[in-house]
Amino acid sequence: NLMVASEEEKAALIASCEGRTIECSDRNACDVELLMVGGFSPLKGFMNEDEYTSVVETMRMPSGLLFGLPVVMDTADASLKAGQNVLLTYNGQNLAVMEIESVYKPNKPLEAKQCYGTSSLEHPGVQMISMERGGTYMGGKIHGLELPTRVFPCKTPAEVREMLPANCDVVAFQCRNPVHKAHYELFTRALDAENVSSDGVVLVHPTCGPTQDDDIPGVVRYRTYEVLKEETANPRVNWAYLPYSMHMAGPREAIQHMIIRKNYGCTHFIIGRDMAGSKSCLDGEDFYGAYDAQDLAKEMSEELGVKTVPSLNIVYTEEEGYVTADVASEKNLHIKKLSGTKFRQMLRAGEDIPEWFAFKSVVKVLRRG
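Residues numbered from 1 in each chain as written. Predicted model: local features only at pLDDT ≥ 70, side-chain atom pairs only at ≥ 80, totals over all residues. Heavy atoms only, no water.

Enquirer: Could you give an account of the sheet that holds strand 13 (residues 314-317), naming the residues involved and the relevant values?
Expert: Spatially, 14-13-15 is the arrangement adopted by the three strands of the open sheet, whose pairing is antiparallel. The open sheet has two edge strands with one neighbour each: strand 14 (321-324) and strand 15 (335-336). As paired strands, strand 13 and strand 14 are joined by four bridges and run antiparallel to one another. By the bridge assignment for strand 14, Tyr-316 is matched with Tyr-322. The sheet strands contacting helix 7 (residues 181-189) are strand 13 and strand 14, and the helix crosses strand 14 at an angle near 50°. (Pairing = 2+ DSSP bridges. Helix = DSSP H or I, 4+ residues; strand = E, 2+ residues; numbered from the N terminus. Contact = heavy atoms within 4.5 Å. Axes fitted to C-alpha atoms, helices over the stretch in contact; angles between N-to-C directions.)

Spelled out as structure tokens, the structure:
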């Protein structure tokens, strides 16, 4: 927890900035918030050059600690120097004061290649670091002043840990899209996994920060989760929201998510097929293999102290409803399918959405949103 409690200390920190400010982007604000509340623990600020270089090249901090992706503050302001303090603002709020310990030029081609597996601008993460971020990065400690005001309330790690039942397995489900019936089947059946205790619970922990341009806005997603939470009222399913900005970095991002969810009190993490994957914006080709993220997560699971739960391949059948794909194949059941593209087309056209595919309450929110 990097939040400053004393109003006098806050005022002194702001005064020490001598008028220097950086207005955070939506992505910056997510990173600042996760630093302030301990979501990126053990980080106490944005990465200095040695930390950035180490994480880019080896996926580890200089100490050897695993870390999936660099956490950096970018700027285009050439007047900012090491040794200065700068006030980080966002939508009229004073979020934090940053002690600038280092100012450096990142190796963005290397960052892209190592972190995203490609230097192609066809990847949204590469576009982000190349075209959105400033040309200079800064590292240094953060002093938290206030959390961003959001439509979707994001509990801190301490608040989530307090909310969860004690001394039982907590299985995290990460998503960036509305939850449909197949998703619900997936994360509730995860509680039956062999490595999950009989009294285990699920934490549905969607990211509500920026994702890809064609994703549903975070505020709308939040509303779908709220109505679904009320409709299902499952005592073994807990809900919280994460102020995280997706990078679509595949295997590297899976590691980042596991680190974050461990800080929020989770013991297990569901790794989906092609988790945090991305396709070329030109030809639609996948940048990662379907199981790359699962393989890396399994490899690093013991070191991270978070067990992996591979997501089941759930399908809907006319005869037995939702079953795993292997059961459907063994019994020669008739599988019904509805692609995400077709679903969005039907939604826009006002057509009826099959109840086997989506919750009515979620569809209603999406039509309004």
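Read on for the rest.
Enquirer: Pulling in residues and values, what's your account of helix 13 (residues 360-368)?
Expert: Buried within helix 13 are the following residues: Ser-361, Val-362, Val-363, Val-365 and Leu-366. If you follow the buried residues of helix 13, they end up packed against helix 8 (218-232) and helix 12 (340-349). (Buried < 20%, exposed > 50% of the residue type's maximum accessible area, 1.4 Å probe, protein only.)

Enquirer: So what's going on with the nonpolar core? Which residues, and what values?
Expert: In terms of nonpolar packing, the biggest core is built from 73 residues, with Val-32, Phe-40, Phe-46, Phe-67, Met-73, Leu-88 and Ile-142 touching the most fellow members. The element best represented in this core is helix 2 (residues 26-37), accounting for six residues. With 39 residues, the next largest nonpolar core counts Phe-173, Tyr-184, Ile-270 and Leu-347 among its residues. (Core = buried A, V, L, I, M, F, W, Y, C linked by side-chain atoms within 4.5 Å.)

Enquirer: A description of the packing of helix 8 against helix 13 should follow, citing residues and the corresponding values.
Expert: Packing of helix 8 against helix 13 leaves a shortest axis separation of 9 Å and a crossing angle of 155°. As far as their axial angle goes, helix 13 and helix 8 are roughly antiparallel. Crossing of helix 8 against helix 13: the hand is right-handed. On helix 13, the residues touching Val-220, Arg-223, Thr-224, Val-227, Leu-228 and Glu-231 of helix 8 are Ser-361, Val-362, Val-365 and Leu-366. A class-by-class count of the residues in the contact of helix 8 with helix 13 yields six nonpolar, two polar and two charged. (Parallel < 35°, antiparallel > 145°, perpendicular 65-115°, else oblique. Left-handed = near helix turned anticlockwise from the far one by under 90°. Nonpolar A, V, L, I, M, F, W, Y, C, P; charged D, E, K, R; others polar.)

Enquirer: I'd love a proper account of empty space enclosed by the protein, names of residues and values included.
Expert: Summed over the entire model, instances satisfying the criterion amount to one cavity of 30 Å³ or more. Asp-31, Phe-40, Pro-70, Val-71, Val-72, Arg-133, Tyr-244, His-247 and Gln-256 are the residues that line the largest cavity. Of the residues that constitute the lining of the largest cavity, the class distribution is five nonpolar, two polar and two charged. (1 Å grid on protein atoms, 1.4 Å probe; cavity = no way out; pocket = protein on both sides within 12 Å on 5 of 7 lines; lining within 4 Å. Points joined across faces, edges and corners; volume = space filled by probe spheres on them.)

Enquirer: Lay out the packing of helix 4 (residues 108-116) against helix 5 (residues 124-132) in plain terms, naming residues and giving numbers.
Expert: Contact pair helix 4 / helix 5: the axes reach a minimum separation of 10 Å and the direction vectors enclose 160°. Taken together, helix 4 and helix 5 sit at an angle that is classed as roughly antiparallel. Helix-helix and strand crossings are classified by hand; for helix 4 and helix 5 the assignment is right-handed. From helix 4, Lys-108, Glu-111, Ala-112 and Tyr-116 reach across to helix 5, where they touch Gly-125, Val-126, Met-128 and Ile-129. Split by residue class, the contact of helix 4 with helix 5 holds five nonpolar, one polar and two charged.

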